[in-house]
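Chain residues, written in single-letter form:
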Amino acid sequence: MRFFKTGSFEGIPQHRMQGTKVMLAGRTAFLPNRSTPLVIQKLTLRQIALIPRDKYAVAVIDPEGASVDILASRVGAVAAATSRRLRYQRSIIRRKAQTRYGRHSISGDGTQEFTTAISLLRQIQHHVETIYYENRELNRNKQNDPSPCKDIFLMPIDAGRMSDCIKRIVLDVFGNDDKGKICNREIKLVEFCLLMHYYFIRIKILKNTSRQPFCEYLEKYVFADQSRFTAKTFNNYANEDKYKKVEQDFTEAKRLVINFKNHPTPNGTLQDVFHEIGCIFHNSPYFDELREIRKNIDNFGF
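As the structure is a prediction and not an experimental result, all values here were calculated from the model.

Draft legend 1. Summary view of the overall build of the protein chain. If you tally the helices and strands in the protein chain, you get 10 helices and 9 strands. When each of the 302 residues of the protein chain is scored for burial, the buried share is 44%. A sequence separation of at least 24 residues applies to 65% of the contacts in the protein chain between residues at least 6 apart. When the accessible surface of the protein chain is totalled, it reaches about 17,100 Å², and 47% of it is carbon and sulfur.

Dropping the structure here:
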């Protein structure tokens, strides 16, 4: 991730023509773009309040000279948050003369300028996610786990990589909640896991299709140190009539034709939810990698 600035925090020169030039509160300002993902400049509180928070992360550098680690504070905020995928905890600047950033209180008369750092929110999100999943991989490698549930998948599927794939999708749909929405239908996390199990059975990637090893895998690799998923609840839902009725239809491809490449046309049925879950996995980056591996193997000349 590259950062650009000219000059220093004190007395940023007027010739720093970087980023995209815009008008904020009747004054010229600059916003980050792909080539300049971080812009540091002096802005009034009125200008700061007009910066779109759905695209940019904003931090005011304390005018009293207090030490503020801009990147760490923003990355920490994003990493700690959960909004369907590491929810963004955006810096909030109120449209009045006083606002607070962390432990620092900023006030002004409307004309006073404050040194402000603005960065692309998606750049921070991507950076945080990269660190998060690299850290998950490092932890798995350190553990050198001999657990039998590590071998739940057929080759060449990597159980650790698959757990990252599942984790990303869970964060997208549920965040840190136990309920989410798929096809405009409320679904519980445990129901998602059950339908995911059906999908994995259907596409024939499991060595052992029984519930116990799959639950152990989720508890150890996806929801480690979390109480939001338990094998007991999983089995309770699996034994409900509405799931027992559809299990064979969902797990046996010959009984029910579904094109997981495309999203379903929702009609309020459980099949829509199952179809959408399969579609999400089918179009995930890791499944793209698996298809590329399969393509390469098919091209081998032995």
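Back to the write-up after that little detour.
Draft legend 2. Expanded view of the confidence of the model for the protein chain. Across the protein chain, pLDDT averages 78, with 71% of residues at or above 70. Here strand β5 (residues 98-101) is the element of the protein chain with the lowest mean pLDDT, 36, and helix α5 (residues 189-202) is the one with the highest, 98. Contacts of residues 1-17 to residues separated by more than four positions or lying in other chains number 32 contacts, the stretch itself having pLDDT below 50. The low-confidence segment residues 62-106 (pLDDT under 50) makes 94 contacts with residues lying over four places distant or belonging to another chain.

Draft legend 3. Broad picture of the side chain of E191. Along the chain, E191 turns up in helix α5. A distance of 2.6 Å separates polar atoms of two side chains, one belonging to E191 and the other to Y243. In this structure, E191 is in contact with Y237, K242 and Y243, ignoring residues within four places of it in sequence.

Draft legend 4. Focus on the sheet that holds strand β3 (residues 38-44). Ordered by their spatial adjacency, 3 strands build an open sheet running β3-β7-β4, and the pairing between neighbours is antiparallel. If you trace the sheet from one side to the other, it starts and ends with β3 and β4 (56-60), each paired once. Recorded for the sheet is a direction-independent mean angle of 30 degrees between the axes of neighbouring strands.

Draft legend 5. The arrangement of the environment of L121 in detail. Note on placement: L121 falls in helix α3 (residues 121-143). Judged by its relative accessible area of 2%, L121 is buried. Put simply, L121 and A57 are 64 residues apart on the chain and 5.3 Å apart in space, counted from C-alpha to C-alpha.

Reading the values: rules and limits
- Residues numbered from 1 in each chain as written.
- Predicted model: local features only at pLDDT ≥ 70, side-chain atom pairs only at ≥ 80, totals over all residues.
- Heavy atoms only, no water.
- Helix = DSSP H or I, 4+ residues; strand = E, 2+ residues; numbered from the N terminus.
- Buried < 20%, exposed > 50% of the residue type's maximum accessible area, 1.4 Å probe, protein only.
- Contact = heavy atoms within 4.5 Å.
- Areas by Shrake-Rupley, 256 points an atom, 1.4 Å probe, with all protein chains shown as cover.
- pLDDT = per-residue confidence, 0-100.
- Polar contact = N/O pair within 3.5 Å; in protein donor to acceptor, adjacent residues only side chain to side chain.
- Pairing = 2+ DSSP bridges.
- Axes fitted to C-alpha atoms, helices over the stretch in contact; angles between N-to-C directions.

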